[in-house]
Amino acid sequence: MSELWEEVRKGLSQTLGADDFRNWIDKAKLITVDGGQALIEVPTRFTGEWIIQTYGDTILRVMRNLESDIVRLNYVVRAGKPPAPGLQSTPGEEVAEMDLPGANLVSRFTFEQFVVGKPNAAAYAAAQGAVEDVQANFSPLVLHGGVGLGKTHLMNAVGWAIRESDPGAKVVFLSAEQFMYLFVRALRQRNVLEFKEMFRSVDVLMVDDIQFVAGKDSTQEEFFHTFNELAKQSKRIVLSADRSPGRIEGLEERIRSRLQSGLPVELHPADYELRLGILQQKAEFLSDSNPELRIAPGVLEFIAHRISSNARVLEGALNRLVAAQSFAKSDITMEFTLDVLADLLRESDRKVQIDEIIRCVASQYNVKPTDLVGNRRTRDIARPRQMAIFLAKSLTTKSLPEIGRHFNRDHTTVLHSIRRIEKLTSHDSQLSDDLEVLRRKIEA
């Protein structure tokens, strides 16, 4: 069994990625294979059901490549609990005690490993403040922003820091998807009371990607009551979302107001200095494990300049270079970088067209593209037009007169629109959010 499971682990490690493997599969152990059924041992019932629901098909595919007669995956909870047939719960069955999921924190996501720059400095300070805010005076902390900007990293860092300062604290960190799954399981097993008691007994609750509960009425209802109960007990709550609470469609108004009453903090896209800092830290980390790694001067600066999407893409680009270098046995030179990252660089070079900006803004505000280039000056048209002009200046290399020609305006009107939006975004968070949403759509 041990040899088979070791081969399965190798395959899953390559397929699932380091974090998912460490948080879930590394906790499991293959016990038996009998009658086409593989039985794995897991530390908790939650872990077992999550593995089968989320990774079951992948595990079976890997195992079938090694043992062709395996058709079913079940689990048994460590410490002698009887095996449970995956997700095949039936009415009237004896329900095992629910397991507190705990905090599956990523070891490298600490405050020390977080690169701070102007775009994320406020969020970094707020996350550190959440660790010290024992009385939950500023709870909930809501970290919001686009993909790959560091929200999950900061949440992990909060969890690690609280554990260090108070080892006895019950810290629970899970995704909104996991929260929904646990709640649905409790409904199915008629075990809602225990679900309530389990979540309301924690000291720190952290839920990642809270926007995924939007539109799920029953889950929102339970989350609302859980939130209220923890708030009454002055327990800390940290959440993340891909946009500000006010912009999450389908979110109940009472939940929205609770989130807005705390401390919503936005993480902005990384500027050049921050992107370079992230690459330098990553390169230093990789050099510690690979002393022969040599990166020519100017390479990191070049990548930081050319790849501006998010930190994950930056780190992925550097990982790709290091992997290619290990096979080629050569230094990472500029020529080597251009060759290995050719597809990424072509993608980052995609030119944004002003007509594309006009169509996107018109769609966002439910107006016609011709309205944005026409003569109407009503507020419902003028403001989107100013935003489209601002985005044209931000996302293209066109001159003011060139932009003006697209909108049938002279360059002074274009300049006025740009300055107007710049002024408004300094104090209008709603407008700032709208611009960020539009920017993501246009650059997607």
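Scroll up for the structure.
Residues numbered from 1 in each chain as written. Predicted model: local features only at pLDDT ≥ 70, side-chain atom pairs only at ≥ 80, totals over all residues. Heavy atoms only, no water.

> Give me the environment of asparagine 290: which residues, what numbers.
Within the secondary structure, asparagine 290 sits in the loop between α10 (272–289) and α11 (299–306). Residues asparagine 290 and tyrosine 272, 18 residues apart in the sequence, show an inter-C-alpha distance of 26 Å. (Helix = DSSP H or I, 4+ residues; strand = E, 2+ residues; numbered from the N terminus.)

> Go over the pattern of salt bridges, please, and point to the residues and values.
Throughout the structure, instances matching the rule amount to 15 salt bridges. Across the pair lysine 196 and glutamate 222 runs a salt bridge, and its minimum N-O distance is 2.7 Å. Remark: glutamate 222 occurs in helix α8 (residues 217–232) and lysine 196 occurs in helix α7 (residues 192–199); sequence separation between them is 26 residues. Looking at lysine 196, the relative accessible area reads 24%, which means it is partly exposed. In this structure, lysine 235 engages aspartate 203 in a salt bridge whose closest nitrogen and oxygen atoms are separated by 3.6 Å. With lysine 235 in the loop between α8 and β7 (236–241) and aspartate 203 in the loop between α7 and β6 (204–208), this pair connects stretches of sequence that are 32 residues apart. Here aspartate 203 falls in the partly exposed class, since its relative accessible area comes to 25%. Connected via shared salt-bridge partners are Glu6, Arg9 and Asp26. (Salt bridge = Lys/Arg side-chain N within 4 Å of Asp/Glu carboxyl O. Buried < 20%, exposed > 50% of the residue type's maximum accessible area, 1.4 Å probe, protein only.)

> Can you tell me about the sheet that holds β6, naming the residues and giving the values?
Spatially, the 5 strands line up as an open sheet ordered β5-β6-β7-β4-β8, and their pairing is parallel. In the strand order of this sheet, the two ends are held by β5 (171–175) and β8 (263–266), each with one partner. When strand polarity is set aside, the average angle formed by the axes of neighbouring strands in this sheet is 15 degrees. Strand contacts of helix α4 (residues 121–132): β4 (141–144), β7 and β8, with the helix running at about 145 degrees to β8, the strand carrying the most contacts. (Pairing = 2+ DSSP bridges. Axes fitted to C-alpha atoms, helices over the stretch in contact; angles between N-to-C directions. Contact = heavy atoms within 4.5 Å.)

> Lay out the packing of aromatic side chains with the relevant residues and their values.
The final tally for this structure, using the stated rule, is 8 aromatic pairs. With centroids separated by 5.1 Å and ring planes inclined at 65 degrees, the aromatic side chains of phenylalanine 179 and phenylalanine 199 adopt a geometry described as edge-to-face. One end of the pair, phenylalanine 179, is in helix α6 (residues 176–188); the other, phenylalanine 199, is in helix α7, with 20 residues separating them in the sequence. The two residues phenylalanine 179 and phenylalanine 199 agree in class, both being buried. Aromatic pair phenylalanine 195 and phenylalanine 199: ring centres 4.9 Å apart, planes at 45 degrees, arrangement tilted. In this pair, phenylalanine 195 and phenylalanine 199 are both assigned in helix α7, 4 residues apart and thus about one turn of the helix distant. (Phe/Tyr/Trp six-rings, centres within 6.5 Å; stacked < 30°, edge-to-face > 60°.)

> Before we move on, can you summarise the packing of helix α17 (residues 379–395) against helix α19 (residues 411–425) with the specific residues and values?
At a closest axis distance of 8 Å, the pairing of α17 and α19 adopts a crossing angle of 95 degrees. When the axis of α17 is compared with that of α19, the two are roughly perpendicular. Touching Arg383, Gln386, Met387, Ile389, Phe390 and Lys393 of α17 are Val414, His416, Ser417, Ile418, Arg420, Ile421, Glu422 and Leu424, all from α19. When the residues that make up the contact of α17 with α19 are grouped by side-chain class, the tally is 7 nonpolar, 3 polar and 4 charged. (Parallel < 35°, antiparallel > 145°, perpendicular 65-115°, else oblique. Nonpolar A, V, L, I, M, F, W, Y, C, P; charged D, E, K, R; others polar.)

> Report on the sheet that holds strand β3 (residues 72–77), specifying residues and quantitative values.
In space, the 3 strands of this open sheet follow the order β1-β2-β3, with mixed pairing throughout. Across the chains shown, the open sheet's two edge strands, defined by having one partner strand only, are β1 (29–34) and β3. The average angle at which neighbouring strand axes cross in this sheet is 25 degrees, direction not considered. In terms of strand pairing, β1 meets strand β2 (residues 37–42) through 5 bridges, oriented antiparallel. Bridge assignment links aspartate 34 to a residue of β2, and that residue is glutamine 37.

> Tell me what's going on with empty space enclosed by the protein, and back it up with residues and numbers.
If you walk through the whole model with that rule in mind, you get 1 cavity of 30 Å³ or more. Size it by volume and the largest cavity reaches roughly 50 Å³. For the largest cavity, the full set of lining residues is His144, Gly145, Asp242, Arg243, Ser244, Glu266, Asp433, Glu436, Val437 and Arg440. Sorting elements by how many residues they give to the lining of the largest cavity places helix α20 (residues 429–443) first, with 4 residues. By residue class, the composition of the lining of the largest cavity is 1 nonpolar, 3 polar and 6 charged. (1 Å grid on protein atoms, 1.4 Å probe; cavity = no way out; pocket = protein on both sides within 12 Å on 5 of 7 lines; lining within 4 Å. Points joined across faces, edges and corners; volume = space filled by probe spheres on them.)

> Just give me the short version of the nonpolar core, but keep the residues and values in it.
In this structure, Leu174, Phe195, Phe199, Leu205, Val207 and Phe223 are the most contacted members of the largest nonpolar core, which totals 29 residues. Put simply, the parts of the chain that give this core at least two residues each are β5, α6, α7, β6, α8, β7 and α9 (253–260). In this structure phenylalanine 223 touches Phe179, Val207, Ile210, Leu239 and Ile255, once residues within four positions along its chain are discounted. Core analysis: the second largest hydrophobic core is formed by 28 residues, Cys360, Leu391, Ile421 and Leu424 among them. (Core = buried A, V, L, I, M, F, W, Y, C linked by side-chain atoms within 4.5 Å.)

> How would you summarise the side chain of serine 417 if you had to cite specific residues and measurements?
Considering the arrangement of structural elements, one finds serine 417 in helix α19. On the basis of relative accessible area, serine 417 is assigned to the buried category, the value being 5%. With near-sequence residues (within four places) excluded, serine 417 lies in contact with Gln386 and Ile389.

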